[in-house]
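Structure assessment
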Amino acid sequence: MERELIVMALTSILLATTLMSMNEAPKSQVKPFPLDQVKLIDGPFAHANKACAEYLLTVEPDRLLHSFRKHAGLEPKGKIYGGWESAGLAGHSLGHYLTACSQEYASTKDARFKAKVDYIVKELVECQKVRPDGCISAIPNGDKAFSEVQKGDIRSGGFDLNGMWAPWYTHHKVLAGLLDAQALTGNKQAIGVAEKFADWAISITKDLNAEQWQRMLGCEYGGINDALAELFYRTKKQKYLDLSRKFYDNRVLDPLAKGENSLPGKHSNTQIPKIIGLSRLYEVTGESKDQRTARFFWETVVRHHTYAIGGNSNGEYLGPPDKLNDTLSSNTAETCNTYNMLKLTRHLIEWEPKAEYADFYERAHLNHILASQNPSNAMMTYFMPLVSGARRNYSNPFNDFTCCHGSGMENHTKHADSIYFHAGKDRLFVNLFVPSQLNWKEAGVKLTQTTQYPLDGKVEIAFESGSSFELAIRHPGWAKQPVQVMVNGKEAAQSKNPSSYIFINRAWKKGDKVTFSLPMDLRTEAMPDNPKRVAVMYGPLVLAANLGSGRGPWPRIPVLVTGSKTVDQWLERVPGKNLKFRTTGIGRPSELTFQPFYTLNTERYATYFDIFSDEEWQTAEVAYRAEEAHQRDLEGRTVDAFRIGEMQPERDHNLKSERNDVREANGRGFRTPLNGGWMEFDSKVDGATPVELVMTYWGNERIRPDFNVLVVGKEIATDKLEGRPYNSFYDVTYAIPTEITQGKTKVVIRIQAKDGRTGPSVAGVRMVRTKN
């Protein structure tokens, strides 16, 4: 009994110390407005929000709850959805959906969305009633796998934990959804469900030692530290803070805390949520190390790993800093990454309202997030292709539930989130230029922002009611000319400092009008490692060339022969309401029409362009023409050919495989035999003529292959593809001894990865007659 009293006393002291620390935690300098105080009234963001809301109403909670009920031993009430929900990462979509519906309800007070949220929470309560341990999970074989983890038997890889696909990642989404259900809809049961779920997580991990924890954290764990820190903040229960702190990946986070870039070669979206979690921990505990780490991470990713649209990563991974030139593909800029970078940026703005943070937020929000939705049906992109000739691939409403589909539901229900920030009742920040109404209840202020932005830079802010405070209007970093702000037709302030704020302090009253025009000019932005490869910008917008909606082979990659001309000398505005530009005499192979990147929803496009002088192009064109001649020569000598990754050609060639990863890049599919894997297929030959095997490979920057090539069981080559290009397709020719094909009309070709190694990424196969 005495021992128990001592333990209780020590616990009380520790809790009091933590709460004191929390009370002493730094206060944010500014806060964004809750969603119920900002209303979108017009423009592309309002349209995106409306389309998303309509889609959310078609999603059936019982289908998202399928695996949760099954895991709890209850009969599912709806058929499971497709995509990752049916492929092992079940449950994450329910968390995203809870958040999206909660956000939409907070914005509109439409009872249909609260009904969806309330129903899901009620069902999760039912699951916990038959699972007294508090676990709410949709993960196949989760109980067996977590019982192994609980005993310290941990087998962990990048996305696999004891056979489970990123389970803590999924649990984070569910916890976050429950917390949003409580905060945004007022659901009183949600916090209880979250606590019981977190208690289960504590019981599963309480006996793990430090080494076992780090081994477990080798598997992606999302931002569960963020959700647990928030749960601690709301409940004041120390145990949730303690658990949050344990989700700390030493391998990645320790170097970042020291100001060292540990990100090259890392999966981008595995890391960003960890940093968001540290940001929330800083806010609730005041630990300055967490803040330093978050700021360094943001600076590193934004300054050294980010494309013109504000997105980052190629094939989900980050490469060396400032090395982006050779990383353009159809798998650039995973949308989840930008979703999370905006969440992180929001934290940084709250700590210190610097215009450069809002500049990045605008760039990524406008050029990536807005572009990630097909406005005709609200479907979302996974990747945002940046290679020339690409087009966007959108998800399916019910059969393609991936991470980016889930975060996409959230993205388009919170476009009003970070337009305005406030510092108490004393200062109002206008960070984004979006048609909207603000009802600043605490200050008794109502205003309407009217603008056609980003089609032009004119903005009007009209007051319906007011009070005395300082208005801070962002002077964007891209606006290099002075910005003049008028109040009721008279100049009130002027700024000559891009990426700063313009301050006006006065007693605002009904009828006051603030007007200004942001100077939108053309410019180019070069790759950090290649000044001759550029993106074209107009004000905040990335412009892309519309390459048409045709199918079939990709069009020729366009280039710009600009010479010494500046962009305003070779790109002219096309008359009309829509924002379009056209080149004047410098487009190759033909002139190009540019428009805002976000508007190219179904067309092929080009975003980055190689620029040449006339002399440089004369030399470069020789290489372009030589490649065309090479392709014509191959066609003329071809006996048989087929593209990998396409169903009918693979069937026609009797393709068989084991342990293959099938993917797509730059409009073409490819197969990669994994450790010890193989593929084999039939190919026609000309038994009377010597032939060669031409393999088309994708330059996979993360794979170092080592493999054998066999024809009718006889090895004709062993290859490691050393010195080959990355992020492009290329051909390798292998000679076939005449005796192997002589007298035959067909042979079997096999690509075999060596033991412990990976095979090549094969995109195409061509059998050609040998040149004389």
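Residues numbered from 1 in each chain as written. Predicted model: local features only at pLDDT ≥ 70, side-chain atom pairs only at ≥ 80, totals over all residues. Heavy atoms only, no water.

Side note on the overall build of the protein
Of regular secondary structure, the protein possesses 22 helices and 33 strands. Whereas a compact globule of 772 residues would reach a radius of gyration of roughly 28 Å, the protein reaches 28 Å, a difference of no more than 12%. Along the three orthogonal principal directions, the C-alpha set of the protein runs to about 90 × 75 × 50 Å. Excluding contacts between residues fewer than 6 apart, the proportion of contacts in the protein whose partners are at least 24 apart in sequence is 72%. Of the charged side chains in the protein, 97 are positive and 91 negative, and the gap between their average positions amounts to 3 Å. (Helix = DSSP H or I, 4+ residues; strand = E, 2+ residues; numbered from the N terminus. Rg over C-alpha atoms; globule rule 2.2 N^0.38 Å. Contact = heavy atoms within 4.5 Å. Lys, Arg positive; Asp, Glu negative; His and termini not counted. Charge placed at Lys NZ, Arg CZ, Asp CG, Glu CD.)

Some thoughts on unusual backbone geometry
Note the cis peptide between Y453 and P454, where omega equals 10°. By the element assignment, P454 lies in the loop between β8 (445–451) and β9 (458–465). The residue E316 is not glycine, and still its phi comes out positive at about 80°. By the element assignment, E316 lies in the loop between α15 (288–304) and α16 (335–351).

Considering the confidence of the model for the protein
For the protein, mean pLDDT is 93; residues scoring 70 or higher make up 96% of the total. A low-confidence stretch, residues 1–23 (pLDDT under 50), is modelled with 12 contacts involving residues beyond four sequence positions or located in other chains. (pLDDT = per-residue confidence, 0-100.)

Quick notes on the sheet that holds strand β6 (residues 427–430)
Taken together, five strands build an open sheet; the order of strands is β1-β5-β6-β10-β13 and the sheet is mixed. For this open sheet the edge positions go to β1 (31–32) and β13 (500–507), each flanked by a neighbour on one side alone. In terms of strand pairing, β6 meets strand β10 (residues 468–475) through four bridges, oriented parallel. Residue pairing in the sheet places L428 in a bridge with L471 of β10. Here helix α17 (residues 355–369) sits on the sheet and contacts β10 and β13; the angle it forms with β10, its principal contact strand, is near 60°. (Pairing = 2+ DSSP bridges. Axes fitted to C-alpha atoms, helices over the stretch in contact; angles between N-to-C directions.)

Focus on the pairing of strand β32 (residues 746–753)
Sheet analysis places strand β27 (residues 668–684) next to β32, joined by seven bridges and oriented antiparallel. Paired with F681 across the bridge in β32 is I749.

Brief notes about empty space enclosed by the protein
Taken as a whole and assessed by the stated rule, the structure comprises six cavities of 30 Å³ or more. Of the pockets and cavities examined, the largest cavity occupies roughly 90 Å³. Of all the elements in the fold, those that place two or more residues in the lining of the largest cavity are α2 (43–56) and α17. It is α17 that provides the largest number of residues to the lining of the largest cavity, a total of three residues. In the lining of the largest cavity, the residues fall into nine nonpolar, one polar and one charged. (1 Å grid on protein atoms, 1.4 Å probe; cavity = no way out; pocket = protein on both sides within 12 Å on 5 of 7 lines; lining within 4 Å. Points joined across faces, edges and corners; volume = space filled by probe spheres on them. Nonpolar A, V, L, I, M, F, W, Y, C, P; charged D, E, K, R; others polar.)

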